[in-house]
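Each chain is listed here by its residues.
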Amino acid sequence: KFPADVAILAFAEQNNLREICNDQAPWFQQDPLAAQTVIPMFRCPSDSSPDRITASFVAGVPGQTVGTEFGTSSYIWSIGYNDSLSFGPNFGPRPVDRNSGVFAFESETTFGSMRDGASNTFAIGEGAGGTPLGEGPGATVPFAGPTFTESVHAWLIQGSNLPSIYGAGIRYAGGWGSTAQPMNKQVTDDSFFDESDPFNNNPSWGASDTTGTYTASGPHWASNFRSEHAGGGNFWFCDGSTQFIQENIDMTTYRQLSCIKDGGVIADY
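Residues numbered from 1 in each chain as written. Predicted model: local features only at pLDDT ≥ 70, side-chain atom pairs only at ≥ 80, totals over all residues. Heavy atoms only, no water.

A look at the pattern of salt bridges
A complete count under the given rule lists five salt bridges for this structure. With a closest N to O distance of 3.8 Å, Asp23 and Arg18 form a salt bridge. Each of Arg43, Asp47 and Asp51 takes part in salt bridges that share partners, so that together they form one network. (Salt bridge = Lys/Arg side-chain N within 4 Å of Asp/Glu carboxyl O.)

Structure (C-alpha cells):
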C-alpha cells in the first residue's frame, strides 16, 4: 500500500520530496531518493536510533525499485487497544468496535466517529527506535537475530512483518502503535501480520467485551508506544494538541485515550 506518512510530507515542508513519490505505487516501488531521505520532523531529538537503516531483505522483493536504504521515524500511528493488524471484508477497513483506534489498515475515521471527543483520543504517539526489540506481544526477552534488533522503523515502510520475513529471522517494529502493552516497557514488541488469516479482527489478547465478542486471541499484533524521554512519552491528539503522558498512567485510562468510541470518561491523566 501507499505509505501513510507520504500524505503529510507537504505539511512537513517536504513538497519536493512529495512530488517524487508515486501515490499509485506501493512503498517498494518508490524512488530510492525518497526512501533514504531523513525528514527532521519525523525524528525526535531524544531518539538514539540511527537516522537511516539498511533493509537488505527488500532487495529480494519482486519488482522493487526503492533500494535498501531508508530514513527512519520516531512516531507511529495509533491503532488503539485492539492491536489486530487486519482487514474488513474485501480488504476494506476492519470493523470498528469499542477498542479501535483512529488508524488501522484502510481506516476511514472521521471526526464524527470519534465519540469520545478529539481531545480525548490519540492520533500519533512516540515509537523511538533505541530500545531492544522482542518477539510477540508482551515480549520480555530481546530478539537475538542479526538484523533489526532495535525497535526502529522506516517512515516509508509503515507495515508489519509477514510470515515469510519472520521465517527468515527478521523482526520489525512497524509504523503502528497499540496500548495493549504498557508504554516504554524495556523490550519493545515487534509487529506481525499473518497473511493467511487477514480478516481475523480479534486482538492478540483475545478477551471479550460488552460490544464485541472475542472468543480467542488473534494472529496479528502491533508494537507498543515507546520513547527515550524519562518517565513517559509525547502523544498527538486528534484536536491537534500535544501532551506528555506519564508512563505510569493507569492502564485503563491509557487504553481509553487510544480508542475512538469506548465510552469511557477520562478524568485527570
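Anyway, onward from the coordinates.
Notes on the nonpolar core
Judged by nonpolar contacts, the single largest core of 24 residues is most densely connected at Leu9, Trp27, Ile39, Val66, Phe70, Trp155 and Leu156. Counting residues in each nonpolar core, the second largest holds 10 residues, with Ile76, Phe235, Phe237 and Tyr254 among its members. (Core = buried A, V, L, I, M, F, W, Y, C linked by side-chain atoms within 4.5 Å. Buried < 20%, exposed > 50% of the residue type's maximum accessible area, 1.4 Å probe, protein only.)

Here we look at the sheet that holds strand β4 (residues 122-126)
Read from one edge to the other, the open sheet built from six strands follows the order β7-β6-β3-β4-β8-β9, with strand pairing classed as mixed. Bordering the open sheet on either side are β7 (223-224) and β9 (242-246), each of which pairs with just one other strand. Alignment of strand β8 (residues 232-237) against β9, held across five bridges, turns out to be antiparallel. Residue pairing for β9: Asn234 is matched across the bridge by Phe244. (Pairing = 2+ DSSP bridges. Helix = DSSP H or I, 4+ residues; strand = E, 2+ residues; numbered from the N terminus.)

Digging into the confidence of the model for the chain
This prediction gives the chain a mean pLDDT of 89; 93% of its residues lie at or above 70. Of all helices and strands in the chain, the one with the weakest mean pLDDT is helix α1 (residues 15-20) (84), whereas β7 scores best (98). (pLDDT = per-residue confidence, 0-100.)

Some remarks on the pairing of strand β3 (residues 75-80)
Within a regular strand, side chains alternate between the sheet's two faces. Counting buried residues in β3 gives six out of six residues, a clear majority hidden from the surface. The pairing of β3 with β4 spans three bridges and is antiparallel. Its bridge partner being in β4, Ile76 is matched across the sheet by Gly125. By the bridge criterion, three bridges tie β3 to strand β6 (residues 176-178) in an arrangement that is parallel. Pairing of Trp77 across the sheet is with Trp176, part of β6.

Description of the environment of Ala104
Here Ala104 shows up in the loop between β3 and β4. Ala104 sits 25 residues away from Ile79 along the chain, and the two C-alpha atoms are 5.5 Å apart. Those residues in contact with Ala104 that sit more than four places away from it in its chain are Ile79, Arg94 and Trp176. (Contact = heavy atoms within 4.5 Å.)

Topic: unusual backbone geometry
Positioned with a positive phi, Phe148 is a non-glycine residue whose angle comes to about 50°. Examined against the element boundaries, Phe148 turns out to sit in the loop between β4 and β5 (153-154). The backbone of Asn184 shows a phi angle near 60°, a positive value even though the residue is not glycine. Tracing the backbone through its elements, the reader meets Asn184 in the loop between β6 and β7.

Considering the sheet that holds strand β2 (residues 69-73)
Across the sheet, three strands lie side by side as β1-β2-β5; this open sheet has antiparallel pairing. Strands with a single pairing partner mark the edges of an open sheet, and in this sheet they are β1 (52-54) and β5. Alignment of β2 against β5, held across two bridges, turns out to be antiparallel. In the strand pairing of β5, Ser73 is matched with His153.

Quick look at the side chain of Thr131
Structurally, Thr131 can be placed in the loop between β4 and β5. Assessed through its relative accessible area of 15%, Thr131 is described here as buried. Polar contacts involving the side chain of Thr131 include one to the side chain of Ser151, which spans 2.8 Å. In this structure the side chain of Thr131 is engaged in a polar contact, spanning 2.7 Å, whose partner is the side chain of Thr188. (Polar contact = N/O pair within 3.5 Å; in protein donor to acceptor, adjacent residues only side chain to side chain.)

With respect to the side chain of Asp47
Note on placement: Asp47 falls in the loop between α2 (32-35) and β1. Overall, the relative accessible area of 6% leaves Asp47 in the buried class. Engagement of the side chain of Asp47 in a polar contact is seen with the side chain of Ser49, the distance being 2.8 Å. In this structure the side chain of Asp47 is engaged in a polar contact, spanning 3.2 Å, whose partner is the backbone nitrogen of Gly129. Among all residues touching Asp47, those that are not within four sequence positions of it are Ser73, Ser74, Ala128, Gly129, Gly130 and Glu228.

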